[in-house]
There are 2 protein chains.
Amino acid sequence: MQRTYTIRQLTKEFDVTARTLRFYEDEGLIAPERRGQTRIYSNRDRARIILILRGRRVGFSLAEIREILDLYDTHHDGGVKQTLHARRKFEEQLHKLERQKVDIEDSLVELRRAIGAIDSAIADGKLTAPSVESHRVAAE
Amino acid sequence: MQRTYTIRQLTKEFDVTARTLRFYEDEGLIAPERRGQTRIYSNRDRARIILILRGRRVGFSLAEIREILDLYDTHHDGGVKQTLHARRKFEEQLHKLERQKVDIEDSLVELRRAIGAIDSAIADGKLTAPSVESHRVAAE
DNA sequence: CATAACGCTTACGTCAACGTCAAGCGCGAT
DNA sequence: ATCGCGCTTGACGTTGACGTAAGCGTTATG
C-alpha cells in the first residue's frame, strides 16, 4: 500500500486537474505536506479527496464539504458542546440527502416510464413511419 | 382546479423569486403567455417548473434540464431518429441518477455511522468531561 | 546540454445562476 | 389625479468553482 502520492498521480486516479487539487488546498479542504515546494499527498489526503468528490457529485458546495470534514476532524477532541454541534450538523446533512434521494427516485421512475413508453411505441410499430422530412411521404 | 397563475403565486408556492422564473423563461425553460405585458402561467408551465426545481435539486444544470424538457416536448412528433435520440438521452440521465443514488446511499451510511458513534460515546459517558476551555480544569 | 516533463505561484478570465438596482407602465383605491 | 402596488424590461453585480496563461525552478532523458 502506497504511502504518498504526487499531485499528478491523484489527478489521473480521480480525473481532476492539478488546479482543482490546489484550489481545494487553498480552500482548506486538504493540507498535503511539502518537500520543498512540491506537494506530497498522504493516504489521509487521498481519503479526503474521495469524500470531497463524492460530496461534489451529490451536490454539496465546497463550503459544506469543508464543514463536514472539519467536523470529522474535531468532534473527537472537542468538548460535549462541539460534539453535539457535530451531531446536529450530521443530521442536517442526513435529512438533506434523504430528501434528495426521494427526488432522485421520483426522477428515476419518470425516466423509466418515458423510456418504456418509447419502447412500446417502437414495439407497436407506431414509429416505423419516416419523419415529416421523408422523401417517400407522397408515394403509397 | 385553477387554470392559470400569476408570477407571485408561483413564487410563493415554490419559494423562488420572480427573477428566477423570468430567468428560466429567458433560458427557454418555460414560455408563459402574456396578457399585455403580464405573464400568465398555465398548468403546463407550473408542471414544468416542478420538473425544473426537482432537476435543480438533484444537481442537473439548467442546460440539461432544458434538454430534457425539449425531449419530452418533441420526441412524440419527431421521426424515428428524434425518438431514438430521446431514448438515448433519457438513458444517459438514468445512469447519471443511478450513480448519484449510490453516492447518496454511501454518504447516508457514513453519516449514520458517525451519528451512531457519537450517540454511543455519549451513552458510555465518555463525553461528560468539559472542554479544554473549562474554568475548572486546574481544580481537582 | 538542451529539451521535455513535472511542479510551483500569481493573477486575471470564465461560466452558470441568479441578485440587485433603476426606471417605467397599468390600474384599482383613496 | 395621484398614490402605491405589482408587474415589466434592461443592465450591471456577485458568488462558486474552477480554467488558463505567464513565468520560473527542478529532475530526467535522449
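Residues numbered from 1 in each chain as written. Chains lettered and ligands numbered in written order. Predicted model: local features only at pLDDT ≥ 70, side-chain atom pairs only at ≥ 80, totals over all residues. Heavy atoms only, no water.

A. Representation of the relation of the copies chain B and chain A. Between the two copies, chain B and chain A, the superposition gives an RMSD of 0.1 Å; the rotation angle is 180 degrees and the shift along the axis is 0.0 Å. In the structure described here, the two chain copies are related by an operation that fits a two-fold rotation axis. Within chain B, G59 of chain B has its C-alpha nearest the rotation axis, a separation of 2.9 Å. Take the interface residues of chain B: 97% of them recur as interface residues in chain A, which is what a same-surface contact looks like. (Least-squares fit on C-alpha atoms with pLDDT ≥ 70 in both. Contact = heavy atoms within 4.5 Å.)

B. Inspection of the protein's contact with DNA strand D at higher detail. Taken together, 16 residues form the shell around DNA strand D, and within it T17, Y24 and L62 of chain A together with R8 and R39 of chain B come nearest. Atoms of DNA strand D within 4 Å of the protein belong to the sugar or the phosphate in 69% of instances, the rest to bases. Measuring from a phosphate oxygen of DNA strand D, one finds a side-chain N or O atom of R34 of chain B at 2.9 Å. Ranked by residue count, the leading element in the surface near DNA strand D is helix 2 (residues 18–26) of chain A, at four residues. Partitioning the surface near DNA strand D into residue classes produces four nonpolar, five polar and seven charged. (Near = heavy atom within 4 Å. Polar contact = N/O pair within 3.5 Å; in protein donor to acceptor, adjacent residues only side chain to side chain. Helix = DSSP H or I, 4+ residues; strand = E, 2+ residues; numbered from the N terminus. Nonpolar A, V, L, I, M, F, W, Y, C, P; charged D, E, K, R; others polar.)

C. Just the sheet that holds strand 3 (residues 38–42) of chain B, in detail. Residues and elements named next belong to chain B. Strand order in the open sheet formed by three strands is 1-3-2, and the pairing between neighbours is antiparallel. The two strands at the open ends of the sheet, each matched to only one other strand, are strand 1 (4–5) and strand 2 (33–35). Pairing between strand 2 and strand 3: three bridges, direction antiparallel. Bridge pairing in strand 3 places R35 opposite T38. Strand contacts of helix 3 (residues 43–57): strand 1 and strand 3, with the helix running at about 80 degrees to strand 3, the strand carrying the most contacts. (Pairing = 2+ DSSP bridges. Axes fitted to C-alpha atoms, helices over the stretch in contact; angles between N-to-C directions.)

D. Representation of the protein's contact with DNA strand C in the model. Neighbouring residues of DNA strand C: 17 residues in total, closest R8 and R39 of chain A together with T17, Y24 and L62 of chain B. Interatomic distance of 2.8 Å between a side-chain N/O atom of R39 of chain A and a phosphate oxygen of DNA strand C. At 3.0 Å from a base oxygen of DNA strand C is found a side-chain nitrogen or oxygen belonging to R19 of chain B. Where the surface near DNA strand C is concerned, the elements lending two or more residues are helix 1 (7–14), helix 2 and strand 3 (38–42) of chain A together with helix 2 (18–26) of chain B. Of the residues contributing to the surface near DNA strand C, the split by class is four nonpolar, six polar and seven charged.

E. Representation of the packing of aromatic side chains in the model. Under the counting rule described, the total for this entry stands at four aromatic pairs over all chains. Summarising the aromatic geometry, the rings of F23 of chain A and Y24 of chain A are spaced 6.3 Å apart at their centres and angled 50 degrees between planes, so their arrangement reads as tilted. (Phe/Tyr/Trp six-rings, centres within 6.5 Å; stacked < 30°, edge-to-face > 60°.)

F. Inspection of the packing of helix 1 (residues 7–14) of chain B against helix 2 of chain B at higher detail. Residue and element names in this part refer to chain B. With their axes 9 Å apart at the nearest point, helix 1 and helix 2 run at an angle of 110 degrees to one another. Judged by the inter-axis angle, helix 1 sits roughly perpendicular to helix 2. Across the interface between the two elements, I7, L10 and T11 from helix 1 touch A18, L21 and R22 from helix 2. Of the residues contributing to the contact of helix 1 with helix 2, the split by class is four nonpolar, one polar and one charged. (Parallel < 35°, antiparallel > 145°, perpendicular 65-115°, else oblique.)

G. The pairing of strand 3 of chain B, seen in detail. Residue and element names in this part refer to chain B. Pairing of strand 1 with strand 3, which is carried by two bridges, proceeds in the antiparallel orientation. Among the inter-strand pairings, T4 is bridged to a residue of strand 3, identified as S42. Taking the residues that link successive antiparallel strands as the turn, the strand 2-strand 3 hairpin has two residues, and the phi of G36 there is positive, at about 75 degrees.

H. Broad picture of the nonpolar core. Counting residues in hydrophobic clusters, the biggest one holds 60 residues, and the most contacted among them are F90 of chain A together with F90 of chain B. Beyond its immediate stretch of four places on either side in the chain, F90 of chain A contacts I68, L71, Y72 and H75 of chain A together with L111, A114, I115 and I118 of chain B. (Core = buried A, V, L, I, M, F, W, Y, C linked by side-chain atoms within 4.5 Å. Buried < 20%, exposed > 50% of the residue type's maximum accessible area, 1.4 Å probe, protein only.)

I. The arrangement of the pattern of salt bridges in detail. According to the stated counting rule, one finds 30 salt bridges over all chains in the structure shown. Where R57 of chain B meets D103 of chain A, a salt bridge forms, and the shortest distance between an N and an O atom there is 2.6 Å. One end of the pair, R57 of chain B, is in helix 3; the other, D103 of chain A, is in helix 5 (residues 80–123), on a second chain. What makes D103 of chain A buried here is its relative accessible area of 9%. A single network of salt bridges, built from pairs that share partners, joins E25, R34 and R39 of chain A. (Salt bridge = Lys/Arg side-chain N within 4 Å of Asp/Glu carboxyl O.)

J. Expanded view of helix 2 of chain A. Residue and element names in this part refer to chain A. Residues of helix 2 that are buried: A18, T20, L21, Y24 and E25. One face of helix 2 carries all of its buried residues, which in axial projection span an arc of 165 degrees. Turned more than 90 degrees from where helix 2 packs its buried face, R19 and D26 sit exposed. Directly beyond the C-terminal end of helix 2, a positive phi value near 80 degrees is found at G28. (Arc of directions from axis to C-beta.)

Scope: geometric values only; no functional claims are made or implied.
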